[in-house]
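A structural walkthrough
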Amino acid sequence: MTFAGFAAVGVVVGLVLLGRGFLGYRAAGLISGTSVSRIASLAVGEVLVSGTAEPIELTLVSPLQSVPCIYYRARITESSNDESREVFKEDRAVGFRVRDASGALRVFPGSARFDVPDRYDESTSVWGAGPTGLQLRTGPVFAPGPEDREAQIAALLTVRRPDHWSLFDRSGLPRSTTNHRSRYREARIEAGDIVTVMGRVLPFAELEDPTGANLVDGTELDGADPEIAADLAEARAAGLLAATPEDAWGNAAIEGFGIGKPVRAPELDPAANPPPPPDPALAARADAAFEIAPDALILATSEEVPMLISLGAPTQVAARADRQFVLGLVGGALAVVSAMALAIVVQSGIR
């Protein structure tokens, strides 16, 4: 790479660090300038709460280490020579509860910003061998909730064949080849972690889209992408896609089916076996997870009060934001010096 190229890279890196630094400065100001509220005495409005994260009806399985969690951010980047590209990017979260000494509050994380440092950051060796601790997810994204003991026992006793190193694993995650070096990074919030959440408290009845607000699906699948659109068109022409969700999924396409009350009566096969008698304990668990009273207070984001979910207690979050701000100042200085060097190179014609 030429001197001018190094200077240009320095400008870009410096500006990125500067931007992150200002975000850290803003986050530190918000956390430091807001007192922590007790959950038992919350009122409607902007609040800052801190406590233990608890899963509710579902958990997630992280893609790079297969760890049960309520939030993850995963990245895989490949580098070859002087080039680097991101080959996998996924962010997901599910609704959870935050509990302090006074009580618990349900959090709807949709549209939230997450401040969670990486828990896993490893790279393949120069020979392409897999990094230590990498355990790629081979099953579904979602896992049973914390009280589904039988399902957890069954998953623990399931024997899985060992993974062989190949370009893609069975879950679709890209793997390194001998021509590339890959870096794997994953951030998570796990059950039992201390979290700090800033958002708006409101009655559940005022939440416009509870289903959408309860999930964060940042897989970034762009249906407008020409390649994806062409694949969909080809699948439709070949008859591989059903015309309607009902044709593809049957009763499972009914809103609320399987997780609550369907919005319309499902179509049952007369020859199907009748369902077993309801289990009162299971019904009570379902009500606790899915039935929320209209006047129950919950924590969500809004246009007036964006939500920030951070890993750690408020003092830890503020200290991390301060370090990010200092690094941003260094990035700003790097951008200025690199820009001056680039200007000198352009004027003098140095390569």
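These numbers come from a predicted model, not from an experiment.

Structural notes on the overall build of the chain
When helices and strands are tallied, the chain shows seven helices and 15 strands. Of the roughly 20900 Å² of accessible surface on the chain, 58% is carried by carbon and sulfur atoms.

Quick look at the environment of P314
Structurally, the position occupied by P314 is in helix α7 (residues 314-348). When its relative accessible area of 19% is taken as the criterion, P314 is described as buried. Along the primary structure P314 and T34 are separated by 280 residues, whereas in three dimensions their C-alpha atoms are 9.7 Å apart.

Overview of the pairing of strand β11 (residues 181-189)
Two elements, strand β4 (residues 71-80) and β11, share nine bridges in a ladder whose sense is antiparallel. Directly across from R75, in β11, lies its bridge partner R185. In the sheet, strand β9 (residues 118-123) pairs with β11 via five bridges, with the strands oriented antiparallel. Across the sheet, S123 pairs through a bridge with R183, a residue of β11.

Looking at the environment of Q65
Within the element layout of this structure, Q65 appears in the loop between β2 (58-61) and β3 (68-69). Expressed as a C-alpha distance, the spacing of Q65 and L134, which sit 69 residues apart in the sequence, is 5.6 Å. Excluding its chain neighbours within four sequence positions, the residues that come into contact with Q65 are Y120, G133, Q135, E186 and R188. There is a polar contact of 3.1 Å between the side chain of Q65 and the backbone oxygen of G133.

With respect to unusual backbone geometry
Positive phi outside glycine occurs at S66, with the angle close to 55°. Residue placement: S66 occurs in the loop between β2 and β3. Of the residues examined, S66 reaches a relative accessible area of 24% and is grouped as partly exposed.

Observations concerning the sheet that holds β11
The antiparallel open sheet is built from five strands, whose spatial order is β9-β11-β4-β5-β13. Whereas interior strands pair on both sides, the edge strands pair on one side only; in this sheet they are β9 and β13 (215-217). Adjacent strand axes in the sheet meet at a mean angle of 10° when their direction is disregarded.

Here's the deal with the nonpolar core
Counting residues in each nonpolar core, the largest one holds 38 residues, and the members touching the most others are F114, I189, L299 and I309. Elements represented by at least two residues in this core include exactly β1 (45-55), β4, β5 (83-94), β6 (96-100), β7 (103-107), β11, β12 (194-203) and β15 (308-311). For this core, the element with the most residues is β4, which contributes four residues. Ignoring sequence-local partners within four residues, the contact set of L299 consists of V47, V49, L105, R106, V107, F108, V197, G199, R200, V201 and M307. Counting residues in each nonpolar core, the second largest holds seven residues, with L202, L207, I298 and A300 among its members.

Some remarks on the packing of aromatic side chains
Following the criterion strictly, the structure yields two aromatic pairs and no others. Considering the side-chain rings of Y71 and F114, the 3.9 Å spacing of their centres and the 5° angle between planes classify their relative orientation as stacked. Taken together, the positions of Y71 in strand β4 and F114 in strand β8 (residues 113-115) put the pair 43 residues apart, joining distant regions of the chain. Here Y71 falls in the buried class, since its relative accessible area comes to 4%. By relative accessible area, which is 14% here, F114 ends up buried.

What to know about the confidence of the model for the chain
In this model, the chain carries an average pLDDT of 79, and 74% of its residues clear a pLDDT of 70 or more. Note on residues 161-171: pLDDT under 50 across the span, and 28 contacts to partners over four residues away in sequence or across chains.

Brief notes about a nonpolar patch on the surface
Together, L58, F142 and L215 line one region of the surface with nonpolar side chains, adding up to about 220 Å² of accessible area. Position of F142 among the secondary structure elements: in strand β10 (residues 142-144).

Examining the pairing of β7
Of all five residues making up β7, four are buried, and the element is well covered by its neighbours. Sheet topology note: the β6/β7 ladder contains five bridges and is antiparallel. Residue pairing for β7: R97 is matched across the bridge by R106. Taken together, β6 and the strand that follows it, β7, pair antiparallel across an intervening segment of two residues. Pairing of β7 with strand β14 (residues 297-300) involves two bridges; the strand directions are parallel. Bridge pairing in β14 places R106 opposite I298.

Looking at the side chain of E186
Secondary-structure assignment places E186 in strand β11. Taking relative accessible area as the criterion, E186 reaches 0% and is therefore assigned buried. Polar contacts involving the side chain of E186 include one to the side chain of S62, which spans 3.0 Å. Apart from the residues lying within four places of it in its own chain, the contact partners of E186 are S62, P63, L64, Q65, R73, A74, D118, R119 and Y120.

Rules used throughout
Residues numbered from 1 in each chain as written. Predicted model: local features only at pLDDT ≥ 70, side-chain atom pairs only at ≥ 80, totals over all residues. Heavy atoms only, no water. Helix = DSSP H or I, 4+ residues; strand = E, 2+ residues; numbered from the N terminus. Areas by Shrake-Rupley, 256 points an atom, 1.4 Å probe, with all protein chains shown as cover. Buried < 20%, exposed > 50% of the residue type's maximum accessible area, 1.4 Å probe, protein only. Pairing = 2+ DSSP bridges. Contact = heavy atoms within 4.5 Å. Polar contact = N/O pair within 3.5 Å; in protein donor to acceptor, adjacent residues only side chain to side chain. Axes fitted to C-alpha atoms, helices over the stretch in contact; angles between N-to-C directions. Core = buried A, V, L, I, M, F, W, Y, C linked by side-chain atoms within 4.5 Å. Phe/Tyr/Trp six-rings, centres within 6.5 Å; stacked < 30°, edge-to-face > 60°. pLDDT = per-residue confidence, 0-100. Patch = residues over 30% accessible without salt bridge, like charges linked within 9 Å, V, L, I, M, F, W, Y side chains within 5 Å. Salt bridge = Lys/Arg side-chain N within 4 Å of Asp/Glu carboxyl O.

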